[in-house]
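# Structural overview for review
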Amino acid sequence: MRKVLGLIFFFGMVSAMAQTKVSGTILDDEGEPVAFANVVFKNSTTGTISNENGRFYIESEENYDTLVVSFIGFETKEIALTKRVTYDLEISLSTGEQLDEVVVYSGKQSKKNNPAIDLLKKIWSRKRSNGLKQFKQYQYDKYEKVEFDLNTIDSALIKSRLFRGMEFIFEEVDTSRITGKTYLPMFINEAFSKVYGDNEIDKEKEDLIGNKNSGFSNNQNIIGFVQDLYADYNVYDNYLKFFDKSFVSPLSKTGVDTYNYVLADSAYIDNKWCYNIIYYPRRKNELTFKGDFWVSDTTYAIKNINLQVTKSANINWVKEIYIEQDFEVLNDSIFLIKRDYMLSDFALNKKEKSRGIYGKRTTLYDNYVFDQKKEKTFYDEKADPYNEAIYNRDDAFWDRNRLEKLNKDELGVYKMLDTLKTVPKFKRLYNLGSILASGYVEFDKLNFDYGPIFSTFGFNDVEGIRVRAGGRTYFGPNDLWRIEGYGAYGFKDNKFKYGISGKWLLDRELRLIVSAGNRRDVEQTAVSLSATTDVLGRSFASSSLLASGDNSRLTNINLTTAAVQFEPFKNVELKLGSSFRTMRSASPETFSLSFIDPENPGNILSEVRQAELGVTLSAFPRRKTIGYGVERKDGNDNYSQFFLHYGKGVKGILESDFEYSKLQLFYRKPWQVGGFGRLYTTVEAGKTFGEVPLSLLSVVPGNQSYFSIYNTFSQLNFYEFITDTYATLHLEHNFNGRLFSRIPLLRKLNLREIIGFRAVWGDISDENIALNQPAFSSLTLNPDAIAPNKEIYWEYSVGIGNIFKIFRIDFNFRGNYFDNIDARNFGVTGSFGFHF
């Protein structure tokens, strides 16, 4: 009770400050909500726009006594404010009479004879001559502050069992100036950087000088998540990317077909005459904004802009996105960004009163310097730029370099988190979240992690029910060495399996790593064409409860590897490795890997022993990594992947059986196709030179599970096509609801359209067919189509994603080779996951 009274008193103190706060709903004559109405404090440029439900919230640190509400086709209305804080106003607008000097628009705005669009065209023509593009070189200071807050704080939440014993945290509750909701700051991250750029060579470099956050200063995973969540953007671009989605910018040329524009006002801002343009979407359920911007009348540069994502936008787990950008007048013709503010409201649903988490980013820019040329090598990025001192700057550093002082709430977060970390219940909640995120249970005193827990149970036709237990050494996320291993047992074959590996980072600058490992296990090897480098990796098809057809075509494998790798350039890796493997069928009664002994054709061998040397070149353009230890995590997923591998089979070493050469190429690239979603393309090609048994050939990857697995062929069975030369193409495009949003009956479901196309051509030599005749006969292959060499095998799929926000279903169709034994012409697969 005392805590609740304290909270009410706190709210009262906040309301008593010199601020004006107003919230409410705007209705028309018939009581229907008026969406996208303009709401401003009289005689100011402080305003907002109502949402699709007519609701609004507006706040200012100044005192105002009149609110002005207007919308095209309605009479402008002034509301007297008798109190500094006025919530839940209900404002009715009447249809206004048309005045001679005023053009009244209604509904969708015309693209012709619209002064707002005339101004837009001038913005387009001048956007390259505004800002940093005017200079050959530039540099500036950048300060970024990211904060996460628990919102919609009420007495029910304070009294809940979840926060029992942690009630002291609610002493930091405040009210959002954007939404008017109460919130509790929970996390803050600060970063200070120096940015350098050269427009002549199109290069930019950002040097992180200091980073600090509340309670997690050395946790690179959290820092990386924050950085990836709030990527930089440019409002002049055609599309603004947030949370893996491309929103149409209101300043883009494509915006004319997406938004309605209205020239609403004009005024002096910083001694510059500016025009105010209001915009709002033409259609619902698209990735669009509503808001307004002020534009200079001489340079046609943006002085101020705010963007708010419409509630009907097809995006999950995010209820609100609000953006403000302010630009500084450097001289009569140059506008540079000064301040960028972004607020996101993460929630399970978009209901008005639902609780969620605010993610707020404030970025400030200062100390611009121009036309100081630097050597081209200055912009080269290091493979390992981590400097521990950056994350341990003292208070004096932050006092000097913060471009905006922390307010009382933000300062309180640091103190609150330090206290919270000592509370046992918070420790338990934090540990639970860590287990769900990483899959490992941490034993800090032992410097050991148990897991991954999600691999504890499995099933296949050979092992039956399979149980697995494993773990890894773990002193911290940036360990320079790590050992991990596991043991497993199958209750059908009654056999024990194991795997162990170790790796050591010898040189951080070069990222020189040595590694070795051994694994004895049962595996489905027919699900990947490219050579794997993970000795402990086990394919998804090795354990599957839900599968079609026979899944007993598994291999007993004893694999030993050793390798050395380094990174000569950022995101370019070179690996030299060796391996020795023994392979035989895990179910000889149903599946054969037998081959004719090349040295004694009268003998049939069922086991292959093979030594191989290999070199792999890998490149990951635009990849961002988290951490600096022997194991790093990816900080983004929108980068390309390129692998080129050469393997040399060596005969005679440790009784190795075959001499051969193998060349493999893999290239994958994601494409952001403007407002039409994302396209993933993958190309693979390879050739084996020499005669080798089935276990060393290239099997076209099938998929007999009921899950949608990228880079496999959904309508192929395991070992349906076998090659020694191959080329594949995989295409998958997710429209992110672009098409369904135009269909009235489907619009509100926020479904997403997915199409896919997969093709493979391959060949196999007569010598390899003859060598593997014993195995091929047991596979009941089509003798005329062991490899897809007569025509390219292809299949396609159409899918629906975002079903209940987490499910996806694909309908897969086979394109040819219908006469293959047990050919599956049609299939349904699905998957689930959490995506924005």
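Residues numbered from 1 in each chain as written. Predicted model: local features only at pLDDT ≥ 70, side-chain atom pairs only at ≥ 80, totals over all residues. Heavy atoms only, no water.

### Brief notes about the pattern of salt bridges
Here is the rule: Salt bridge, as used here: a side-chain nitrogen of Lys or Arg that lies within 4 Å of a carboxyl oxygen of Asp or Glu. Here a helix means four or more residues in a row that DSSP labels H or I, a strand means two or more in a row labelled E, and each is numbered from the N terminus. Exposure categories follow from relative accessible area, calculated using a 1.4 Å probe and restricted to protein chains: below 20% of the type maximum is buried, above 50% is exposed, and the middle band is partly exposed.
This model, assessed by the stated rule, comprises 35 salt bridges. Aspartate 141 is paired through a salt bridge with lysine 194; the nearest N and O atoms lie 2.8 Å apart. Separated by 53 residues along the polypeptide, aspartate 141 in strand β8 (residues 137-151) and lysine 194 in strand β10 (residues 182-198) bring together distant segments of the chain. Under the relative-accessibility criterion, aspartate 141 is labelled buried at 8%. Assessed through its relative accessible area of 30%, lysine 194 is described here as partly exposed. Across the salt bridge formed by arginine 466 and glutamate 463, the nearest N and O atoms sit 2.8 Å from each other. Take glutamate 463: its relative accessible area is 0%, and that puts it in the buried class. Through salt bridges with shared partners, one network takes in Glu463, Arg466, Asp493, Lys497 and Asp521.

### With respect to the sheet that holds strand β3 (residues 47-49)
Defined as follows: A pair of strands counts as paired when DSSP detects no fewer than two bridges linking them. As a rule, the C-alpha atoms of each element are fitted with a line to give its axis, helices using only the stretch in contact, and angles between N-to-C directions run from 0 to 180 degrees.
Across the sheet, which stays open at both edges, the four strands sit in the order β3-β2-β5-β6 with antiparallel pairing between neighbours. Each edge of the open sheet is held by one strand with a lone partner, namely β3 and β6 (77-80). Adjacent strand axes in the sheet meet at a mean angle of 20 degrees, parallel and antiparallel pairs treated alike.

### A few points about the packing of aromatic side chains
Our working definition: Pairing of aromatic rings covers Phe, Tyr and Trp, the last counted by its six-membered ring, and requires centre-to-centre distances within 6.5 Å; plane angles under 30 degrees mean stacked, over 60 mean edge-to-face, and any other angle means tilted. A ring is considered to have a charge above it if a Lys NZ or an Arg CZ atom is located within 6 Å of its centre and within 35 degrees of its normal.
Per the counting criterion, the structure on display carries 32 aromatic pairs. On the numbers, 5.2 Å between centres and 45 degrees between planes, the contact of tyrosine 140 with tyrosine 368 is tilted. You can see tyrosine 140 sitting in strand β8 and its partner tyrosine 368 sitting in strand β20 (residues 356-370), a full 228 residues away along the chain. The same class applies to tyrosine 140 as to tyrosine 368, namely buried. Note that lysine 374 overlies the ring of phenylalanine 378, its terminal NZ or CZ placed 5.0 Å from the centroid.

### Digging into the pairing of strand β26 (residues 495-507)
Both strand β25 (residues 481-490) and β26 contribute to a ladder of 10 bridges, which runs antiparallel. Each bridged residue has a counterpart across the sheet, and for glutamate 484 the counterpart in β26 is serine 501. Connecting β25 to the antiparallel partner β26 that follows it, the hairpin turn spans four residues, and asparagine 494 within it adopts a positive phi of roughly 55 degrees. Following β26, the chain reverses through four residues before pairing antiparallel with strand β27 (residues 512-523); arginine 511 in that reversal takes a positive phi of roughly 50 degrees.

### Thoughts on the environment of lysine 272
Note that lysine 272 resides in strand β15 (residues 272-281). In this structure the C-alpha to C-alpha distance between lysine 272 and threonine 298, which are 26 residues apart in sequence, comes to 8.8 Å.

### Here we look at the sheet that holds strand β7 (residues 85-92)
The three strands are arranged β4-β1-β7 in an open sheet whose pairing can be described as mixed. With one partner strand each, in any of the chains shown, β4 (55-60) and β7 form the two edges of the open sheet. Sheet twist, expressed as the mean angle between neighbouring strand axes with direction ignored, is 20 degrees.

### Details of the nonpolar core
Heads up, the rule is: Only buried residues count toward a nonpolar core. Its members are Ala, Val, Leu, Ile, Met, Phe, Trp, Tyr and Cys residues joined through side-chain atoms within 4.5 Å. Any two residues whose heavy atoms approach within 4.5 Å are treated as being in contact.
Phe242, Phe289, Phe293, Ile302 and Ile321 are the most contacted members of the largest nonpolar core, which has 51 residues in total. Apart from residues lying up to four places away in sequence, phenylalanine 293 is in contact with Leu120, Ile123, Leu251, Tyr275, Asn276, Ile277, Tyr279, Ile302, Asn304 and Ile305. Formed by 31 residues, the second largest nonpolar core is a distinct cluster that contains Ala488, Leu694, Leu771 and Phe776.

### Quick notes on empty space enclosed by the protein
The test is simple: Using a grid of 1 Å spacing that covers the protein atoms alone, one calls a set of points a cavity when a 1.4 Å probe fits there but cannot get out, and a pocket when the set is open and has protein on both sides within 12 Å along at least five of seven lines; lining residues are those with an atom within 4 Å of a point. Grid points are joined across faces, edges and corners, and a volume is the space filled by probe spheres set on the points. Following the grouping adopted for this structure description, the nonpolar residues are Ala, Val, Leu, Ile, Met, Phe, Trp, Tyr, Cys and Pro, the charged ones are Asp, Glu, Lys and Arg, and the polar ones are all others, Gly among them.
Under the criterion given, the structure shown has three cavities of 30 Å³ or more. Every residue along the wall of the largest cavity is listed here: Ser246, Val248, Asn285, Glu286, Leu287, Asn314, Gly675, Phe735, Asn736, Gly737, Arg738 and Ser741. For the lining of the largest cavity, the per-class residue count stands at three nonpolar, seven polar and two charged. Taken together, Asn285, Asn314, Gly737, Phe740, Ser741, Leu746, Arg747, Asn750 and Leu751 form the lining of the second largest cavity.

### Some thoughts on helix α2 (residues 115-126)
Here is the rule we go by: By definition here, a helix of n residues has an expected span of 1.5 Å times n minus one. This arc is taken over the directions from the axis of the helix to the C-beta atoms. Between N or O atoms, a polar contact is any pair within 3.5 Å; within protein, one atom must be a potential hydrogen donor and the other a potential acceptor, and residues adjacent in sequence are included only when both atoms are from side chains.
For α2, built from 12 residues, the straight-helix expectation of 16 Å at 1.5 Å per residue is met to within 8% by its first-to-last C-alpha distance of 17 Å. Inspection of α2 places Ala116, Ile117, Leu119, Leu120, Ile123 and Trp124 among the buried residues, and these make up the whole buried set. Seen from one end, α2 has its buried residues packed into an arc of 155 degrees, which puts them on one side. Where the residues of α2 are buried, they touch β14 (259-269), β15, β16 (289-296) and β17 (302-309). The N-cap residue of α2 is asparagine 114: its side-chain oxygen and the backbone nitrogen of alanine 116 are 3.0 Å apart.

### Remarks on the pairing of β16
Extensive coverage of β16 is indicated by the burial of eight of its eight residues. Burial along β16 is two-sided: the face carrying Phe289, Gly291, Phe293 and Val295 and the face carrying Lys290, Asp292, Trp294 and Ser296 are both buried. As paired elements, β16 and β17 share seven bridges and run antiparallel to each other. What sits directly across from glycine 291, in β17, is leucine 307. In textbook terms, the turn of a hairpin is the stretch between consecutive antiparallel strands, and for β16 and β17 this stretch comprises five residues, one of which, tyrosine 300, has a positive phi near 55 degrees.

### What about unusual backbone geometry?
Peptide bonds are mostly trans, and most non-glycine residues show a negative phi. With an omega of -5 degrees, the peptide bond running from glycine 451 to proline 452 counts as cis. You can see proline 452 is positioned in the loop between β22 (448-450) and β23 (457-460). Phi at asparagine 750 takes a positive value of approximately 55 degrees, unusual for a residue other than glycine. Counting through the fold element by element, asparagine 750 comes out in the loop between α8 (744-747) and β41 (752-763). Classification of asparagine 750 by relative accessible area gives buried; the value is 17%. Here aspartate 822, not a glycine, exhibits a phi torsion of approximately 60 degrees, which is positive. With respect to the secondary-structure elements, aspartate 822 resides in the loop between β43 (807-814) and β44 (826-832).

### Here's the deal with a nonpolar patch on the surface
For clarity, the threshold we go by: Residues with no salt bridge and a relative accessible area higher than 30% make up the patches, which join like charges within 9 Å and nonpolar side chains (Val, Leu, Ile, Met, Phe, Trp, Tyr) within 5 Å. Residue burial considers only the protein chains on display, and all accessible areas are found by Shrake-Rupley using a 1.4 Å probe.
On the surface, Phe475, Leu480, Trp481, Ile483, Ile500, Trp504, Leu506, Val514, Val564 and Leu576 cluster together into a nonpolar patch covering about 880 Å² of accessible area. Those elements giving two or more residues to the nonpolar patch turn out to be β25 and β26. Broken down by element, the residue count for the nonpolar patch peaks at three residues, all from β26. Note that isoleucine 500 resides in strand β26. Its relative accessible area of 44% is what places isoleucine 500 among the partly exposed residues.

### Quick word on the side chain of asparagine 736
With respect to the helices, strands and loops of the structure, asparagine 736 is situated in the loop between β40 (725-734) and α8. Residues within four places of asparagine 736 in sequence aside, it is in contact with Asp244, Lys245, Asn314, Gly677, Arg678, Arg752 and Glu753.

### Some details on the environment of aspartate 257
Note on placement: aspartate 257 falls in the loop between β13 (245-248) and β14. Residues aspartate 257 and proline 281, spaced 24 residues apart in sequence, show a C-alpha to C-alpha distance of 9.2 Å.

### A short note on the environment of leucine 654
When you line up the elements, leucine 654 lands in the loop between β35 (641-650) and β36 (660-672). Judged by its relative accessible area of 57%, leucine 654 falls in the exposed class. Considered as a pair, leucine 654 and glutamine 610 are 44 residues apart in the sequence and their alpha carbons are 8.4 Å apart. In contact with leucine 654, not counting residues within four places along its chain, are Phe580 and Arg609.

By themselves these figures say nothing about function.
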